[in-house]
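Spelled out from the first residue to the last, the chains are:
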Amino acid sequence: HEVDTPTKEATFGMACFWAPDCLFGATPGVIRTKVGYTGGSKGTPSYHNLSDHTEAIHIEYDPKEIDYSTLLKLFWENHNPSARMKLQYTSMIWYHDNEQKELAESTLKEQENKHKLPIVTKIAPASTFYDAEDYHQKYRLQGHPWLCEAIGMKSGAKLKNSHLAARLNGYVIGCGGVNQFNAEVGKLGLDEKTADYVRKLVIKNEGNGLTC
Ligand code: MHO
């Protein structure tokens, strides 16, 4: 089941991009996610040759269902903005408009008041986003070949642009939790066997937190 609705974009750097792909993928109001590289000045980065780019999550969200402040809250709560990491894993907010810029700046100030350690997060305008290799897209979902086959998405390219794949990529590691899964499963258009397969994983992994 795919969703065709007007969306807005959000882009964050939160260290290894597999984890936020799961987190945001299972967040209500998020329509699609993809992982990639951005923020640098040199063209065509790849996983083994990032040059001056950073791993990033790109989110398409429905502004009628979720606002940017909620996405920012998830951003701050789900990585360590004080960790001094190499550029590949640095904490970043790339804003897409002035409203996002202002919200990012005001939440950064809040974080500075809350944390003892300095916040290293940088805020910058969004620039070219280079999609990561297909094998990085919906990485946790790709760890379940039977499930990918069952939803007819064996290729990373299909997974990358799919609402259903974004959701399942979160659910397989327990993001969203079983109550949300049960409330939403009817809309996802899964057959019974596939729904049961995913539900078992949500129950098993709920509360485990994000893994990378
Ligand atoms: N833990 C993973 C990180 C990969 S991430 C997409 C690894 O060590 O390969 O950077």
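Our subject is the structure that appears above.
Okay, so let's go over this structure. Being a predicted model, the structure only gives us computed values, none of them experimental.

1. Some thoughts on the pattern of salt bridges
- In the structure shown here, the tally under the stated rule is eleven salt bridges.
- In this structure, Arg32 engages Glu60 in a salt bridge whose closest nitrogen and oxygen atoms are separated by 3.1 Å. Pair noted here: Arg32 is in strand 2 (residues 30-38) and Glu60 is in strand 3 (residues 54-61), with a separation of 28 residues, a long-range link.
- As a salt-bridge pair, Glu184 and Arg167 come within 2.6 Å of each other at their nearest N and O atoms. Note that Glu184 is positioned in helix 8 (residues 177-188) and Arg167 in helix 7 (residues 163-171), a separation of 17 residues in sequence.
- For Glu184, a relative accessible area of 10% corresponds to the buried category.

2. With respect to the nonpolar core
- In terms of nonpolar packing, the biggest core is built from 27 residues, with Phe12, Phe24, Ile59, Tyr68, Leu71 and Ile93 touching the most fellow members.
- Secondary structure elements with two or more residues in this core: strand 1 (8-14), helix 1 (18-25), strand 2, strand 3, helix 2 (68-77) and helix 3 (98-114).
- Element by element, the count of residues in this core is highest for helix 2, at six residues.
- Discounting residues that sit within four places of it in the chain, Ile93 has contacts with Thr11, Phe12, Tyr68, Leu72, Phe75, Trp76, Ala104, Thr121, Lys122, Ile123 and Ala124.
- Membership of the second largest hydrophobic core comes to 24 residues, among which are Met153, Leu168, Tyr171 and Phe181.

3. Examining the site of the ligand
- In the region of the ligand, the neighbouring residues are Cys16, Phe17, Trp18, Tyr47, Glu55, Gln88, Tyr89, His136 and Cys212.
- Measuring from an oxygen atom of the ligand, one finds a side-chain N or O atom of Tyr89 at 2.7 Å.
- Within the complex, the protein chains bury 65% of what would otherwise be the 310 Å² of accessible surface of the ligand.
- Its residues assigned to classes, the shell around the ligand comprises six nonpolar, two polar and one charged.

4. Here we look at the sheet that holds strand 2
- What the six strands build is an open sheet, ordered 5-4-1-3-2-6; its pairing is mixed. Pairing within the sheet leaves two strands with one partner each, and these edge strands are strand 5 (122-125) and strand 6 (130-131).
- Summarising the sheet, strand 1 and strand 3 pair through five bridges and their orientation is antiparallel. Bridge pairing in strand 3 links Glu9 to Glu60.

5. Considering the packing of aromatic side chains
- Evaluated as defined, the whole model comprises eight aromatic pairs.
- Geometrically, the ring pair formed by Phe12 and Tyr68 is stacked, given 6.1 Å between the ring centres and 20 degrees between the ring planes. Of the two residues, Phe12 is situated in strand 1 and Tyr68 in helix 2; the sequence distance between them amounts to 56 residues. Each member of the pair, Phe12 as well as Tyr68, carries the same accessibility label: buried.
- An angle of 80 degrees between the planes, with centres 5.0 Å apart, marks the rings of Tyr171 and Phe181 as edge-to-face. With a gap of ten residues between them, Tyr171 in helix 7 and Phe181 in helix 8 connect regions that are remote in the sequence.
- A residue is classified by how much of its surface remains accessible, and Phe181, at 0% relative accessible area, is buried.
- An aromatic cluster is present here, built from Phe12, Phe24, Tyr68, Phe75 and Trp76 joined pairwise through their rings.

The rules behind the values
- Residues numbered from 1 in each chain as written.
- Predicted model: local features only at pLDDT ≥ 70, side-chain atom pairs only at ≥ 80, totals over all residues.
- Heavy atoms only, no water.
- Salt bridge = Lys/Arg side-chain N within 4 Å of Asp/Glu carboxyl O.
- Helix = DSSP H or I, 4+ residues; strand = E, 2+ residues; numbered from the N terminus.
- Buried < 20%, exposed > 50% of the residue type's maximum accessible area, 1.4 Å probe, protein only.
- Core = buried A, V, L, I, M, F, W, Y, C linked by side-chain atoms within 4.5 Å.
- Contact = heavy atoms within 4.5 Å.
- Near = heavy atom within 4 Å.
- Polar contact = N/O pair within 3.5 Å; in protein donor to acceptor, adjacent residues only side chain to side chain.
- Areas by Shrake-Rupley, 256 points an atom, 1.4 Å probe, with all protein chains shown as cover.
- Nonpolar A, V, L, I, M, F, W, Y, C, P; charged D, E, K, R; others polar.
- Pairing = 2+ DSSP bridges.
- Phe/Tyr/Trp six-rings, centres within 6.5 Å; stacked < 30°, edge-to-face > 60°.

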